[in-house]
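So you can see what is in the structure, the chains are spelled out below.
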Amino acid sequence: MRTHLLPLLLLGAPAFGQPFSNCPTEAYLYQSSTVVYGVDLVTGAYNVLSSDLGIPNNVNGVGFNETDRYIYGFSKEFKDVVKMGQDYQATRLNVTGLPAGIHFYVGDVANNHYWIYHKRHGLYSINLDSSAPNFAQAEKKVGADTSMNLTDFAFHPGDGELYAVDNTNGNLYQIDTGDGSRQIVGNAGVTGTFGAGYFEKSGYYYISRNQDGHIFRLDLRNPDQLNPNAEFFAYGPASNQNDGARCASAPIQSSTVDWGDAPQSYGTRQEDNGARHGINDSGPRLGALIDADYDGFSSPWTDDSDGLDDEDGIALVTDLKQGQTGLIRVDVQRAPGYLQLFVDWNQDGDFDDGGEQVYQDQWLEIGATALAVNVPNSANGGLTYMRVRLSSQAGLGSGGGAADGEVEDYRVAISSVDTTYRHYPSESSFATVAFEDRWPMRADYDMNDVVMNLRFTETIREGKIEGLAVTGQLKAIGASLKNGFGIQLPGIFRGQVNSESISFSVNGESRSSDGILESGQTQAVLIVSEDLKSELSMSCPFYRTVRGCADDGVFNFELALDFASPIDPGAMPSAPFDPFIFATPGYARAGFGSVPGRGLEIHLPGYPPTDKANLSYFGQHDDTSSAASNRYYLNSNGLPWALEFSSSWHYPAEYQDLLKTYPKFEDFIRFDGGQFTDWFYIQNANGDKLYQ
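The text that follows walks through the structure, step by step, so that each part is easy to find. (Residues numbered from 1 in each chain as written. Predicted model: local features only at pLDDT ≥ 70, side-chain atom pairs only at ≥ 80, totals over all residues. Heavy atoms only, no water.)

## Re the overall build of the protein
Okay, so step 1: Counting its secondary structure elements, the protein contains three helices and 44 strands.
Okay, so step 2: When each of the 692 residues of the protein is scored for burial, the buried share is 55%.
Okay, so step 3: Within the protein, contacts between residues separated by at least 24 positions form 63% of all contacts whose residues are at least 6 apart in sequence.
Okay, so step 4: For the protein, the exposed surface amounts to about 27400 Å²; the carbon and sulfur share of it is 46%.
Okay, so step 5: Positive and negative charge centroids in the protein, built from 46 and 88 side chains respectively, lie 4 Å apart. (Helix = DSSP H or I, 4+ residues; strand = E, 2+ residues; numbered from the N terminus. Buried < 20%, exposed > 50% of the residue type's maximum accessible area, 1.4 Å probe, protein only. Contact = heavy atoms within 4.5 Å. Areas by Shrake-Rupley, 256 points an atom, 1.4 Å probe, with all protein chains shown as cover. Lys, Arg positive; Asp, Glu negative; His and termini not counted. Charge placed at Lys NZ, Arg CZ, Asp CG, Glu CD.)

If you want it as structure tokens, here you go:
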């Protein structure tokens, strides 16, 4: 073997660096003379990967070869093709058959062939297979075409065609490399020097404009229904020279991104070009908390996949009333930045209408700043959404990516002069209820069998309560048993609820309200779900209580109703009303001779059950409930089977005893709640026993 290698080395055979180890999800952007950036297409955030290619002058027309996992480009210095591995050092390929002295700056790689284009010299294909007889030989495929003004093109991972956007007129070209024919698919609606083009696995086409670094996205996922309209997607680095390469079969994704969480119509998920910000240590923040997700959620209030509800940057100081000026407080941390604030005044599910951007490029220093919000007379009364974005970048819209900062979405109430809203626990936060479901048996007492976040909003007009809205998030299911979830309104008779007014949605999609107001009850009882596990399509026995268990499903609901006649606030029970769980009908339960079904209910301590409850379970096993003595849902040690907190609570992991997770809880019980009232704060927990 050495007798063959030695002569080759003596003749100067090129020595290439190591190939890339996989199909990278980031995009490579070549700028200036020798700088290579790694670009996160999700947010536009970028970092320098190399500032030395090992050769002088520019490399253009770069493309990623999925066959050998090298990047290929065209060297301006050598007027030849170069090959680059993960060390980004360029090595000349010594290609034959190209016109002498011509620099090609449009190129891409597909099927182990490097394709380059020059409008005065045509389209060439170069075989990159070193075992092929025509390796490194250029073959002219198409002659000159001066009508196309291109600075990059890219191969579609699905249909295999070449696509490019004309810099001058914005036309989107589809180029057939077989016969050189091309057709205008449509117009992208943007112009400029698009020096870098990329595809990703699903068929979205991204183009980066040199002048301002703007990254646009074209939906080319369906070859039969191509959508050439370019939408602004993210901010990238600007330069007078761009060239891009990317592994086209890789999806674009990032785990260090903050997303919004308004319903889908507002632009929330990546597919919808939702608002998103790269998370880093130097950019500005809204409040102290921020969390990262792979994507946004199209249902409300669900971006806290790590148990962290990070909407803490905005506080409503006053109500937002039609035709009046409200006041909000913005908490800026880490660094100053530009604030963008949007409110959907007409409640049509977007922020696109005139006047819905309340603040544009409002510069805010670190600290708390009070801002006036002028509510139009035409604003619709009721619940709507507000989006707030903060970044070091100016000009952000309601959607699209930014390299730093944060986005926070809020459900806010717009009231008329004679209408107000009363919230529990507040307009922008949640209370938590947590249940132990083995009642009345002795339990493991990890208090995570069902954990639900709840917010209640009452509509008050002319001093009377006209309606009630409930927003909920299922946080955890640590139960092997099946449970339903409901809410009783103590003191409110069933007939006081206008059953025709009930609306119910799950994960942003409307559902039938039939059966929500439970029949056969004296008081108003709202059944949210008869089987919480079935709402998630769980592939694991537990949901967000055991690390490694699948937790990608969500169950978030919104329930709203009106009362048949307005209710005096003094007659309305105080929130959180009476949330409870019950045994899903038709399923056995350990310790019961027969299927307990709907009759097995578990409520907060001190709350009597509904009319559907089977009272024969009272006082059995470890339960000490007694209707005669008005004692409900406490065990023999005086511990409750359910707990409620007026804030979002960090619950124990599976099989972690609550008393050991929060050691002060035992003292709280011992003093009948008169002392150690801060027992449930996270700083008083044994952190290794929490689910995180």
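Following the structure, the description resumes.
## Points about the pairing of strand β9 (residues 113–118)
Okay, so step 1: In terms of residue burial, β9 counts as a mostly covered element, since five of its six residues are buried.
Okay, so step 2: In textbook terms, the turn of a hairpin is the stretch between consecutive antiparallel strands, and for strand β8 (residues 106–110) and β9 this stretch comprises two residues, one of which, N111, has a positive phi near 50 degrees.
Okay, so step 3: Sheet analysis places β9 next to strand β10 (residues 122–127), joined by six bridges and oriented antiparallel. Of the residues in β10, the one forming a bridge with Y114 is I126.
Okay, so step 4: Between the antiparallel neighbours β9 and β10 lie three residues. (Pairing = 2+ DSSP bridges.)

## Some words on the packing of aromatic side chains
Okay, so step 1: Enumeration according to the criterion identifies 43 aromatic pairs in this entry.
Okay, so step 2: Ring geometry for F580 versus F582: centroids 6.0 Å apart, planes at 45 degrees, classification tilted. In terms of burial, F580 and F582 fall into one category: buried.
Okay, so step 3: An angle of 65 degrees between the planes, with centres 5.9 Å apart, marks the rings of F618 and Y632 as edge-to-face. With F618 in the loop between β43 (601–603) and β44 (642–645) and Y632 in the loop between β43 and β44, the pair connects residues that are 14 residues apart, well separated along the chain. Accessibility classification places F618 together with Y632 in one group, the buried group.
Okay, so step 4: An aromatic cluster is defined as three or more aromatic residues linked by ring pairs; in this entry it consists of F645, W649, Y662, F665, F668, W679, F680 and Y681.
Okay, so step 5: The ring centre of Y70 lies 4.2 Å from the NZ or CZ of K83, which sits over that ring.
Okay, so step 6: We note R598 situated over the ring of F582; from NZ or CZ to the ring centre the distance is 4.6 Å. (Phe/Tyr/Trp six-rings, centres within 6.5 Å; stacked < 30°, edge-to-face > 60°. Lys NZ or Arg CZ within 6 Å of the ring centre and 35° of its normal.)

## Observations regarding the environment of G355
Okay, so step 1: With respect to the secondary-structure elements, G355 resides in the loop between β27 (337–343) and β28 (357–364).
Okay, so step 2: Residue G355 is classed as exposed on the basis of its relative accessible area of 54%.
Okay, so step 3: Note: C-alpha distance between G355 and P376 (21 residues apart in sequence) is 8.6 Å.

## A look at the sheet that holds strand β30 (residues 382–391)
Okay, so step 1: The strand order across the open sheet formed by five strands is β25-β32-β30-β27-β28, and the pairing between neighbours is mixed. Both edges of this open sheet fall to β25 (320–321) and β28, since each of them pairs with a single strand only.
Okay, so step 2: As paired strands, β30 and strand β32 (residues 406–415) are joined by nine bridges and run antiparallel to one another. From the neighbouring strand, R389 faces β32, where its bridge partner is V407.

## Quick look at the state of the cysteines
Okay, so step 1: Applying the stated criterion across every chain, the model contains one disulfide.
Okay, so step 2: Here C23 is linked by a disulfide to C247, with a sulfur-sulfur distance of 1.6 Å. Taking the sign of the torsion about the S-S bond as the criterion, the disulfide between C23 and C247, at about -85 degrees, is left-handed. Placement of C23 in the loop between α1 (2–10) and β1 (27–31) and of C247 in the loop between β20 (242–245) and β21 (257–259) is noted, with a sequence separation of 224 residues between them. (Disulfide = S-S within 2.5 Å.)

## Section: the environment of V343
Okay, so step 1: You can see V343 is positioned in strand β27.
Okay, so step 2: Judged by its relative accessible area of 0%, V343 falls in the buried class.
Okay, so step 3: Along the backbone, V343 and Q357 are 14 residues apart, and their C-alpha atoms lie at a distance of 6.6 Å.

## Topic: the sheet that holds β20
One key point about sheets: their strands pair by backbone hydrogen bonds, in either a parallel or an antiparallel sense.
Okay, so step 1: The antiparallel open sheet is built from four strands, whose spatial order is β3-β2-β1-β20. Here the strands that pair on one side only, and so sit at the sheet edges, are β3 (46–50) and β20. In this sheet, adjacent strand axes meet at a mean angle of 30 degrees when their direction is disregarded.
Okay, so step 2: Of the pairings in the sheet, the one linking strand β2 (residues 35–39) to β3 comprises four bridges and is antiparallel in character. Looking at β3, one finds that V39 is bridged to Y46. (Axes fitted to C-alpha atoms, helices over the stretch in contact; angles between N-to-C directions.)

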